[in-house]
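So you can see what is in the structure, the chains are spelled out below.
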Amino acid sequence: MREKIIRINRTLFELETGILIFGLVCQLFVLFTEDKAGYSLGLWLGILTAAVSAFHMWWSLDRALDYPEKEAVKSLSTHNILRYGFIVVVFTLIAISGTANPLSAFLGIMGLKASAYMHFITRKVSKMIYGPEEVSAPMKEPAEGQEV
């Protein structure tokens, strides 16, 4: 299992871990709701949407880094629109179906944002699995008269 996790990009792992932690914390509030099943279903559909969006964000950024600047901007813009379109479609289906709570689904989707703010927590989890971060040496300025 550890080998599978290590193959995943460290930043993506931290983002996905934060989304999961956020979902677990929000799930605690199910005790205070009347529609426990609808709240839970909406929340976890939102969490799943956030996790898929995080993966797509990582994938599209990783891919765009191989392109020239103009193509990269176009690719990132296109994938950004696709990602937000996906979120709108999922949210609309949840709202129309009536089986899940749309507000808890929105809360789950916001797990993507909350995860970014929980970076200090997910970094600790990441260090336990990946080990300490490798710190690269700062770049030195070339000496006078030296070519780069």
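For the structure, see preceding data.
What comes next is a walk through the structure. Residue positions are given per chain, counting from 1 as you read along its sequence in written order. Totals for whole chains, interfaces and linings use every residue, but because this is a predicted model, local features are given only for residues with pLDDT of at least 70 and side-chain atom pairs only at 80 or more, for both listing and counting. Side-chain numbers come from the whole structure's heavy atoms, not from hydrogens or water.

Here the focus is the overall build of the chain. Secondary structure summary: the chain contains 7 helices and 0 strands in total. Here a strand is any run of E in DSSP of at least two residues, a helix any run of H or I of at least four, and the numbering for each starts at the N terminus. The helix and strand sequence of the chain, counted from the amino end, reads α-α-α-α-α-α-α. Only protein chains enter the calculation, and the probe is 1.4 Å; a residue is then buried if its accessible area is under 20% of its type maximum, exposed if over 50%, and partly exposed in between. With 148 residues in all, the chain has 34% of them scored as buried. Counting only carbon and sulfur atoms, one obtains 68% of the accessible surface of the chain, whose full area is about 10,600 Å². Note on areas: Shrake-Rupley with a 1.4 Å probe; residue coverage comes only from the protein chains shown.

Turning our attention to the pattern of salt bridges. The salt bridge criterion pairs a side-chain nitrogen of Lys or Arg with a carboxyl oxygen of Asp or Glu, the two atoms within 4 Å. As enumerated under the stated definition, the model contains 1 salt bridge in all. For E14, the salt bridge goes to R123, with nearest N and O atoms at 3.1 Å. Here E14 is found in helix 2 (residues 10-27), whereas its partner R123 is found in helix 7 (residues 119-130), with 109 residues between them in sequence.

Turning to the nonpolar core, a few remarks are in order. Grouped together as the largest cluster of nonpolar side chains are 14 residues, with contacts concentrated most on I19, F22, A54 and L112. Secondary-structure elements contributing two or more residues to this core are helix 2, helix 3 (36-64) and helix 6 (111-117). Leave out the neighbours within four places in its chain, and L112 touches L15, I19, A50, S53, A54 and M57. What makes a nonpolar core is a set of buried Ala, Val, Leu, Ile, Met, Phe, Trp, Tyr and Cys residues whose side-chain atoms join them at distances within 4.5 Å. Contacts are residue-level and defined by heavy atoms, with any inter-residue pair within 4.5 Å sufficient.

This next bit is on a nonpolar patch on the surface. Patch membership needs two things, relative accessible area over 30% and no salt bridge, and members are linked within 9 Å if like-charged or within 5 Å if nonpolar (Val, Leu, Ile, Met, Phe, Trp, Tyr). On the surface, V25, L28, F29, L31 and F32 cluster together into a nonpolar patch covering about 590 Å² of accessible area. By relative accessible area, which is 63% here, L31 ends up exposed.

Working convention: axes come from line fits to C-alpha atoms, limited for helices to the stretch in contact. Angles between N-to-C directions cover 0 to 180 degrees. In the contact formed by helix 2 and helix 3, the axes pass within 10 Å of each other and the chain directions differ by 170°. If you check the angle between helix 2 and helix 3, you find them roughly antiparallel. Listed contacts from helix 3 to L12, L15, E16, I19, L20, F22, G23, L24, C26 and Q27 of helix 2 are Y39, S40, L43, W44, I47, A50, A51, A54, F55 and W58. Of the residues that constitute the contact of helix 2 with helix 3, the class distribution is 16 nonpolar, 3 polar and 1 charged. Put simply, angles under 35 degrees are roughly parallel, angles over 145 are roughly antiparallel, angles from 65 to 115 are roughly perpendicular, and the rest are oblique. Charged residues are taken to be Asp, Glu, Lys and Arg, nonpolar residues to be Ala, Val, Leu, Ile, Met, Phe, Trp, Tyr, Cys and Pro, and polar residues to be all remaining types, Gly included.

When we look at a pair of aromatic rings, we describe it by the centre distance and by the angle of the planes. Centre distance within 6.5 Å is the pairing criterion for rings of Phe, Tyr and Trp, where only the six-membered ring of Trp is used; planes under 30 degrees apart are then read as stacked, over 60 as edge-to-face, and the remainder as tilted. Applying the stated criterion across every chain, the model contains 3 aromatic pairs. Ring centres of F55 and W58 lie 5.4 Å apart, and the angle between their planes is 50°; this geometry places the pair in the tilted category. Of this pair, F55 and W58 both sit in helix 3, 3 residues apart, which is roughly one turn of the helix. Accessibility expressed as a relative area gives 43% for F55, which makes it partly exposed. Its relative accessible area of 27% is what places W58 among the partly exposed residues. On the basis of an interplanar angle of 65° and a centroid distance of 6.3 Å, the ring pair of F91 and F106 is categorised as edge-to-face. Of this pair, F91 sits in helix 4 (residues 69-97) while F106 is found in helix 5 (residues 102-109), placing the two residues 15 residues apart along the sequence. A residue is classified by how much of its surface remains accessible, and F91, at 29% relative accessible area, is partly exposed.

Within the secondary structure, S60 sits in helix 3. By relative accessible area, which is 2% here, S60 ends up buried. Contact partners of S60, with chain neighbours within four places excluded, come to L76, H79 and R83.

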